[in-house]
Amino acid sequence: MKQDISRKKSAELFEKAKSYFPGGVNSPVRAFKSVYGTPLFIERGDKARIWDADGNEFIDYCCSWGPLILGHNHDGVREAVIQQLDKGLSFGAPTRLENELAELILTNNRYIEKIRFVSSGTEAVMSAIRLARGYTKKDKIVKFEGCYHGHSDSLLVKAGSGLITFGETSSAGVPKAFADETIVIALNDKQALEEVFSSFPDQIAAVIIEGIPANNGLLIQDKDYIHFLRQITQEHGALLIFDEVITGFRLGFEGAARYYNTQPDIITYGKIIGGGMPVGAYGASRELMAHISPEGGVYQAGTLSGNPIAMSAGIAALRTLAEPDFYIKQEEKTQGFVTALRAYIDRKNYAVQILTVGSIFWLTFAQQKNIKRADEIDPLSMEKYKIMHRSLLNQGIYFGPSGYEVGFISSAHTQEDLSQTITAIKTALDTVFT
Ligand SMILES: Cc1ncc(COP(=O)(O)O)c(C=O)c1O
């Protein structure tokens with residue numbers, strides 16, 4: 001392989017960061033543990049591009065892990081934030097901006113009637129789980145292997161051995177008693193769902209699923225499976241929570257709920273909803289949301305909830321997303337990109353799959369075409385991803401630093417950016433397979 005790009009300054013910053021932060025980072029995956037080299041320290045971003053501390057330029061497909069559907073430094077979002085800066089950063093009192101963002105969301109989404117803003121996806125999901133437990137007066141929740149819902153205690157749980165077992169904590173510090181309330185089953189498996197409800201009758205408060213699971217590869221579920229999930233939860237008096245922290249506003253204002261044509265009981269949001277600022281939210285019917293304090297008995301609060309700067313960024317972003325054809329164009333662009341890559345992969349007969357939905361894509365090294373479950377991903381294939389990732393960085397393309405991460409295409413990615421990326425990926429794949 002030709003000389004790697006210089007990471008001298010990033011490496012120096014990383015050394016310093018290690019003395020300040022555990023592992024040198026403030027969120028684990030940033031540490032580049034699953035790919036070659038030290039993390040790149042980013043100086044700035046503009047449209048589809050980012051620049052690191054060494055002055056290297058990259059076309060960015062991580063897009064801050066999804067929020068930046070409009071790319072970096074979007075004019076409308078930047079202007080909205082600057083205008084609000086003059087008026088104040090935070091008041092801890094209601095502002096008109098919260099109403100505006102809520103109205104923008106609720107008038108464009110048939111699946112929720114009321115919403116509550118929080119400050120992260122983790123918080124949104126944690127609150128949704130509490131609402132489900134408070135409403136149903138049941139304690140157990142069911143989640144799926146291969147779905148990530150943030151780092152709250154109830155959800156840092158992985159499958160135990162056996163089809164239906166209590167979960168095991170996936171982090172030190174999560175009490176066993178919490179893990180015992182979370183049951184983890186495989187995705188896209190109707191039998192597992194039937195067994196879970198027959199094994200724990202009248203105990204399950206909610207089943208939570210990522211709208212379209214996109215944290216452990218892109219595991220697009222069969223529509224009839226999701227309809228079955230809706231039906232079985234309803235039959236057993238359990239709520240269905242769609243965690244749309246990634247898919248919300250990525251697949252349109254109505255996200256995965258519309259994609260599957262399914263009405264969940266609670267939907268959680270994050271990422272795009274804040275236009276790049278920290279915002280999360282959860283929404284449901286008026287009746288369900290009446291259980292949240294101060295109206296109801298389920299407590300949930302936040303010093304910076306509905307923060308005016310974050311609301312302004314969210315409003316500006318969502319107004320742009322609400323423009324006619326925004327999502328159609330995004331999808332067309334992504335389809336063009338994926339089709340060109342698939343043609344090359346087919347011609348070369350490479351064992352590579354690209355799964356895609358909306359403007360999300362996932363490139364994975366596998367023979368199997370429609371991967372839908374976490375256990376269908378071969379961990380050994382991640383070695384190939386590492387080689388590809390390194391080659392891409394050397395060619396000025398920034399992908400997420402793990403083969404389990406999906407890529408995002410923003411409205412700022414031009415045809416030129418995409419063509420340049422296609423050429424780079426072809427070269428990277430040739431490197432992997434030689
Ligand atoms: C589906 C999903 N839910 C919840 C979260 C947690 O969100 P946050 O990182 O904002 O706490 C994430 C984060 O990646 C996510 O993808």
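Residues numbered from 1 in each chain as written. Predicted model: local features only at pLDDT ≥ 70, side-chain atom pairs only at ≥ 80, totals over all residues. Heavy atoms only, no water.

A few words on the overall build of the chain. Looking only at helices and strands, the chain features 13 helices and 16 strands. Its C-alpha radius of gyration of 21 Å places the chain within 12% of the 22 Å reference for a compact globule of 434 residues. Taking the principal axes of the C-alpha coordinates as reference, the chain spans close to 60 × 55 × 45 Å. The buried share among the 434 residues of the chain stands at 56%. For the chain, the share of sequence-separated contacts (at least 6 apart) that also reach a separation of at least 24 residues comes to 71%. Taken as a whole, the chain presents about 18900 Å² of accessible surface, with 51% of it coming from carbon and sulfur. Separation of charge centres in the chain, based on 45 positive and 50 negative side chains, amounts to 3 Å. (Helix = DSSP H or I, 4+ residues; strand = E, 2+ residues; numbered from the N terminus. Rg over C-alpha atoms; globule rule 2.2 N^0.38 Å. Buried < 20%, exposed > 50% of the residue type's maximum accessible area, 1.4 Å probe, protein only. Contact = heavy atoms within 4.5 Å. Areas by Shrake-Rupley, 256 points an atom, 1.4 Å probe, with all protein chains shown as cover. Lys, Arg positive; Asp, Glu negative; His and termini not counted. Charge placed at Lys NZ, Arg CZ, Asp CG, Glu CD.)

This brings us to the UniProt feature "modified residue: N6-(pyridoxal phosphate)lysine" (unreviewed entry) in the chain. UniProt records the feature "modified residue: N6-(pyridoxal phosphate)lysine" (unreviewed entry) at Lys271, using the numbering of this structure. Relative to the helices and strands, lysine 271 resides in the loop between strand E11 (266-269) and strand E12 (280-284). Here lysine 271 falls in the partly exposed class, since its relative accessible area comes to 25%. The residues touching lysine 271, leaving out its near neighbours within four places in the chain, are Trp65, Gly66, Pro67, Val245, Ile246, Gly276 and Val279. A distance of 3.1 Å separates the side chain of lysine 271 from the backbone oxygen of tryptophan 65, its partner in a polar contact. (UniProt positions renumbered as here; feature names shortened; annotations may be inferred. Polar contact = N/O pair within 3.5 Å; in protein donor to acceptor, adjacent residues only side chain to side chain.)

Here we come to the packing of aromatic side chains. Between two aromatic rings, the relevant description is the distance of the centres plus the angle of the planes. One pass over the structure, following the stated rule, counts 16 aromatic pairs. For the ring pair tyrosine 61 and phenylalanine 337, a centre distance of 5.9 Å and an interplane angle of 10° mean the geometry is stacked. Here the residue tyrosine 61 occupies a position in the loop between strand E3 (57-60) and helix H2 (75-85), and phenylalanine 337 occupies one in helix H11 (residues 326-348), the gap between them amounting to 276 residues. On the basis of relative accessibility, which here comes to 2%, the residue phenylalanine 337 falls in the buried class. Pairing tyrosine 259 with tyrosine 260 gives two aromatic rings, centres 5.0 Å apart and planes at 80°, and the pair type is edge-to-face. Using a relative accessible area of 29% as the deciding quantity, one classes tyrosine 259 as partly exposed. (Phe/Tyr/Trp six-rings, centres within 6.5 Å; stacked < 30°, edge-to-face > 60°.)

Right, let's get into unusual backbone geometry. Outside of glycine, negative phi angles account for most residues, and trans bonds account for most peptide bonds. Between serine 293 and the following residue, proline 294, the backbone shows a cis peptide bond with an omega angle of 10°. Along the chain, proline 294 falls in the loop between helix H9 (286-289) and helix H10 (308-321). The residue phenylalanine 32 is not glycine, and still its phi comes out positive at about 60°. In this structure phenylalanine 32 comes out as buried when scored by relative accessible area, which is 3%. Positive phi outside glycine occurs at asparagine 188, with the angle close to 55°. With respect to the secondary-structure elements, asparagine 188 resides in the loop between strand E8 (182-185) and helix H6 (190-199). Asparagine 188 sits in the buried class, given a relative accessible area of 18%.

This brings us to the site of the ligand. Around the ligand lies a shell formed by Ser120, Gly121, Thr122, Tyr148, His149, Gly150, Glu210, Asn215, Asp243, Val245, Ile246 and Lys271. Contact between the ligand and glycine 121: an oxygen atom at 2.9 Å from a main-chain N or O atom of the residue. Within the side chain of lysine 271, one N or O atom sits 3.0 Å away from an oxygen atom of the ligand. Expressed as a share of its isolated accessible area of 390 Å², the protein-covered part of the ligand is 82%. When the residues that make up the shell around the ligand are grouped by side-chain class, the tally is three nonpolar, six polar and three charged. (Near = heavy atom within 4 Å. Nonpolar A, V, L, I, M, F, W, Y, C, P; charged D, E, K, R; others polar.)

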